[in-house]
Amino acid sequence: MIEEHLSRIRSKEEESKVRLKAAGGEAAALIEKANQEGKQHLDEVKMSVAELERSLLAAARRKAEARISELRAENAKRQAALAVL
(Lines give C-alpha, C1' and ligand atoms only; values in the text may rest on other atoms or scores of the structure.)
Protein backbone atom coordinates (compact mmCIF):
# COMPACT_ATOMS: atom_id res chain seq x y z
CA MET A 1 0.00 0.00 0.00
CA ILE A 2 2.85 2.39 0.78
CA GLU A 3 4.49 1.55 -2.55
CA GLU A 4 1.20 2.28 -4.31
CA HIS A 5 0.97 5.63 -2.56
CA LEU A 6 4.60 6.51 -3.38
CA SER A 7 4.03 5.48 -6.98
CA ARG A 8 1.08 7.88 -7.26
CA ILE A 9 3.12 10.65 -5.68
CA ARG A 10 5.97 10.07 -8.14
CA SER A 11 3.50 9.99 -11.00
CA LYS A 12 2.00 13.31 -9.88
CA GLU A 13 5.50 14.72 -9.50
CA GLU A 14 6.38 13.75 -13.08
CA GLU A 15 3.12 15.23 -14.37
CA SER A 16 3.88 18.42 -12.47
CA LYS A 17 7.37 18.62 -13.99
CA VAL A 18 5.92 18.19 -17.48
CA ARG A 19 3.28 20.86 -16.83
CA LEU A 20 5.87 23.21 -15.35
CA LYS A 21 8.10 22.80 -18.39
CA ALA A 22 5.17 23.42 -20.73
CA ALA A 23 4.14 26.49 -18.75
CA GLY A 24 7.69 27.80 -18.93
CA GLY A 25 7.65 27.41 -22.70
CA GLU A 26 4.31 29.16 -22.97
CA ALA A 27 5.54 31.97 -20.73
CA ALA A 28 8.64 32.42 -22.88
CA ALA A 29 6.48 32.56 -26.01
CA LEU A 30 4.16 35.13 -24.43
CA ILE A 31 7.11 37.24 -23.34
CA GLU A 32 8.61 37.14 -26.83
CA LYS A 33 5.25 38.06 -28.38
CA ALA A 34 4.82 40.97 -25.95
CA ASN A 35 8.37 42.09 -26.69
CA GLN A 36 7.77 42.08 -30.44
CA GLU A 37 4.45 43.91 -30.06
CA GLY A 38 6.12 46.47 -27.81
CA LYS A 39 8.89 47.06 -30.35
CA GLN A 40 6.33 47.42 -33.14
CA HIS A 41 4.30 49.90 -31.11
CA LEU A 42 7.46 51.85 -30.28
CA ASP A 43 8.32 52.05 -33.98
CA GLU A 44 4.81 53.30 -34.75
CA VAL A 45 5.06 55.94 -32.03
CA LYS A 46 8.48 57.05 -33.32
CA MET A 47 7.02 57.41 -36.82
CA SER A 48 4.08 59.42 -35.46
CA VAL A 49 6.42 61.69 -33.52
CA ALA A 50 8.59 62.24 -36.60
CA GLU A 51 5.52 63.06 -38.68
CA LEU A 52 4.25 65.48 -36.04
CA GLU A 53 7.68 67.10 -35.80
CA ARG A 54 7.80 67.59 -39.58
CA SER A 55 4.30 69.05 -39.52
CA LEU A 56 5.10 71.44 -36.68
CA LEU A 57 8.35 72.54 -38.32
CA ALA A 58 6.55 73.18 -41.60
CA ALA A 59 3.88 75.23 -39.82
CA ALA A 60 6.53 77.22 -37.94
CA ARG A 61 8.41 77.83 -41.19
CA ARG A 62 5.25 79.08 -42.92
CA LYS A 63 4.47 81.35 -39.97
CA ALA A 64 8.02 82.71 -39.93
CA GLU A 65 7.97 83.33 -43.68
CA ALA A 66 4.66 85.20 -43.36
CA ARG A 67 6.08 87.34 -40.53
CA ILE A 68 9.23 88.05 -42.54
CA SER A 69 7.08 89.14 -45.50
CA GLU A 70 5.10 91.46 -43.20
CA LEU A 71 8.29 92.97 -41.79
CA ARG A 72 9.75 93.45 -45.27
CA ALA A 73 6.58 95.20 -46.39
CA GLU A 74 6.66 97.48 -43.34
CA ASN A 75 10.34 98.18 -43.96
CA ALA A 76 9.67 99.01 -47.60
CA LYS A 77 6.93 101.46 -46.55
CA ARG A 78 9.26 103.13 -44.04
CA GLN A 79 12.06 103.40 -46.59
CA ALA A 80 9.64 104.88 -49.12
CA ALA A 81 8.45 107.40 -46.53
CA LEU A 82 12.04 108.33 -45.70
CA ALA A 83 12.88 108.71 -49.39
CA VAL A 84 10.13 111.32 -49.72
CA LEU A 85 11.66 113.37 -46.93
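Residues numbered from 1 in each chain as written. Predicted model: local features only at pLDDT ≥ 70, side-chain atom pairs only at ≥ 80, totals over all residues. Heavy atoms only, no water.

Caption draft 1: Region of interest: the overall build of the protein chain. Looking only at helices and strands, the protein chain features 1 helix and 0 strands. Over its C-alpha atoms, taken along the principal directions, the protein chain stretches across nearly 125 × 15 × 5 Å. For the protein chain, buried positions account for 0% of its 85 residues. Only carbon and sulfur atoms are counted for the fraction: they give 61% of the accessible area of the protein chain, which is about 8100 Å². Considering the protein chain, the positive charge centre built from 17 side chains and the negative charge centre built from 15 side chains are found 10 Å apart. (Helix = DSSP H or I, 4+ residues; strand = E, 2+ residues; numbered from the N terminus. Buried < 20%, exposed > 50% of the residue type's maximum accessible area, 1.4 Å probe, protein only. Areas by Shrake-Rupley, 256 points an atom, 1.4 Å probe, with all protein chains shown as cover. Lys, Arg positive; Asp, Glu negative; His and termini not counted. Charge placed at Lys NZ, Arg CZ, Asp CG, Glu CD.)

Caption draft 2: Expanded view of the pattern of salt bridges. Under the criterion given, the structure shown has 3 salt bridges. Here Glu-14 ties to Lys-17 by a salt bridge, and the two come within 3.9 Å at their closest N and O atoms. Here Glu-14 pairs with Lys-17, and both are found in helix α1 (residues 2-84), just 3 residues apart, close to one helical turn. Judged by its relative accessible area of 44%, Glu-14 is partly exposed. Given the relative accessible area of 46%, Lys-17 is considered partly exposed. Of the charged contacts, one joins Arg-54 and Glu-51 as a salt bridge, the two residues approaching to 2.9 Å between their closest N and O atoms. On the criterion of helical spacing, the pair formed by Arg-54 and Glu-51 is a turn pair, its members being 3 residues apart in helix α1. (Salt bridge = Lys/Arg side-chain N within 4 Å of Asp/Glu carboxyl O.)

Caption draft 3: Examining a nonpolar patch on the surface more closely. Together, Ile-2, Leu-6 and Ile-9 make up a nonpolar patch on the protein surface, roughly 270 Å² of accessible area in all. If you trace the backbone, Ile-2 turns up in helix α1. Ile-2 gets classed as exposed once you look at its relative accessible area, which sits at 64%. (Patch = residues over 30% accessible without salt bridge, like charges linked within 9 Å, V, L, I, M, F, W, Y side chains within 5 Å.)

Caption draft 4: Expanded view of the environment of Ala-29. With respect to the element layout, Ala-29 can be found in helix α1. Spatially, the C-alpha atom of Ala-29 lies 23 Å from that of Glu-14, the residues being 15 residues apart in sequence.

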